Amino acid sequence: MKKEINLSGGIDLDAVVDNSEKRIDGRKADELRSVKFTKNFISSAKGSVLVEMGNTRVICTASVEENVPGWMRFQKVPGGWVTAEYSMLPGATQDRTQREATKGKIGGRTMEIQRLIGRSLRAVVDLKKLGRRQIYLDCDVIQADGGTRTASITGAYVALKLAVDRLMKDGLVKHDPVIEALAAISVGIHKKVSILDLCYLEDSAAEVDANFVMTESGKIIEVQGTAEGAPFSKAELMEMLELAEKGIGELVEMQKAVLG
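Residues numbered from 1 in each chain as written. Predicted model: local features only at pLDDT ≥ 70, side-chain atom pairs only at ≥ 80, totals over all residues. Heavy atoms only, no water.

### As for the overall build of the protein
Helices and strands together make up the secondary structure of the protein, namely 8 helices and 9 strands. In summary, the protein has a C-alpha radius of gyration of 18 Å against a globular reference of 18 Å for 260 residues, a match within 12%. Projecting the C-alpha coordinates of the protein onto the three principal axes gives extents of approximately 55 × 45 × 35 Å. Taken across its 260 residues, the protein has 51% of its residues classed as buried. For the protein, the accessible area works out to roughly 12500 Å², and carbon and sulfur atoms hold 50% of it. (Helix = DSSP H or I, 4+ residues; strand = E, 2+ residues; numbered from the N terminus. Rg over C-alpha atoms; globule rule 2.2 N^0.38 Å. Buried < 20%, exposed > 50% of the residue type's maximum accessible area, 1.4 Å probe, protein only. Areas by Shrake-Rupley, 256 points an atom, 1.4 Å probe, with all protein chains shown as cover.)

Structure, rendered in structure tokens:
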């Protein structure tokens, strides 16, 4: 059961997207929800941002430790490390979500998401240039309305870049280890129409639910796609990919504007 409450090429989006009917929240099929980034939201962190996508709100912070994980030290792996943690506040959902600390263990969904965030960000970082240090990316959902993992990845990149810029300004890192920008977005098929950036109501009723993580240059880091009922075709997958490219391109431009 779901807990949340509430550069395009090749294919002509106008030919594959049905914009004739408005969605639950009034958007077109290929339209993002309203997006807002508030950087330096947490003053104590090296980098932080509040990312808002519709009614989904996530605080992303980047903290720096001047050491590396034990396995890197013992294996003498050069460079540093980037890792992530993800959590959802009890009041983020309509029905209170129990804190995992009180359960005594991290849930499978949480573990899956924070691993996804970590490997997504590591894909765009030259860890050798980072030096012998570790950056923790903490993504805390304060309000959930679908797409919390994709919003977390998109916000975590902004927090990471802010932290790296600060390390470079302080002379601790000589060369920018960030290779290129990245963002993530959800795409799905709802009422047989491919749609971008699903809110919870759409997500819970979608025939297909997918998440895309891509770089600024259009390279794919990860694709997660699931048919909730009947299988989907390769053509439908390509439609969703085209929508993801469009949405991620728009998000990257917003990230650049916030980072200045």
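### Some points on the nonpolar core
Counting 64 residues, the largest nonpolar core has I117, L121, I135, L137 and I185 as the members making the most contacts within it. Counting residues per element, this core draws most heavily on helix α6 (residues 148-169), at 11 residues. Those residues within four positions of L137 in sequence are excluded, and the remaining contacts are T61, A62, V82, T83, A84, E85, L121, A156 and L160. Counting residues in hydrophobic clusters, the runner-up holds 5 residues, among them A29, V193, I195 and L198. (Core = buried A, V, L, I, M, F, W, Y, C linked by side-chain atoms within 4.5 Å. Contact = heavy atoms within 4.5 Å.)

### Re the packing of aromatic side chains
Inspection of the entire model under this criterion finds 1 aromatic pair. Between W71 and W81, the aromatic rings sit 5.0 Å apart at their centres with planes inclined by 90°, giving edge-to-face as the arrangement. Here the residue W71 occupies a position in helix α2 (residues 70-75), and W81 occupies one in strand β4 (residues 81-88), the gap between them amounting to 10 residues. (Phe/Tyr/Trp six-rings, centres within 6.5 Å; stacked < 30°, edge-to-face > 60°.)

### Considering the UniProt feature "binding site: phosphate" (unreviewed entry) in the protein
Feature annotation in UniProt places "binding site: phosphate" (unreviewed entry) on R109, G147, T148 and R149, given in this structure's numbering. Of the residues just listed, which span 41 residues, no C-alpha pair is farther apart than 13.4 Å, and they cluster in one region. Note on placement: R109 falls in helix α4 (residues 108-122). Judged by relative accessible area, R109 falls into the partly exposed class, the value being 29%. Note that G147 resides in the loop between β5 (134-143) and α6. (UniProt positions renumbered as here; feature names shortened; annotations may be inferred.)

### Describing the UniProt feature "domain: Exoribonuclease phosphorolytic" (unreviewed entry) in the protein
As annotated in UniProt, the feature "domain: Exoribonuclease phosphorolytic" (unreviewed entry) corresponds to residues 31-163 and 183-247 in the numbering used here. What you have in residues 31-163 is 34% helix and 30% strand, and the ends, taken at the C-alpha atoms, are 30 Å apart. Along residues 183-247 one finds 31% helix and 43% strand; the C-alpha atoms at either end are 9 Å apart.

### What to know about the confidence of the model for the protein
Of all residues in the protein, 92% have pLDDT values of 70 or greater, and the mean over the chain is 90. Scored below 50 in pLDDT, residues 1-19 shows 53 contacts in the model against residues more than four places distant or in partner chains. (pLDDT = per-residue confidence, 0-100.)

### Things to note about the environment of E207
Its place among the elements puts E207 in the loop between α7 (200-205) and β8 (208-215). E207 sits 16 residues away from K191 along the chain, and the two C-alpha atoms are 7.3 Å apart. When sequence neighbours within four positions are dropped, the list of residues in contact with E207 reads I189, H190, K191, K192, T226, A227, E228 and G229. Here the side chain of E207 touches K191 through a polar contact of 2.7 Å, landing on its backbone nitrogen. Separated by 2.7 Å, the side chain of E207 and the backbone nitrogen of K192 make a polar contact. (Polar contact = N/O pair within 3.5 Å; in protein donor to acceptor, adjacent residues only side chain to side chain.)

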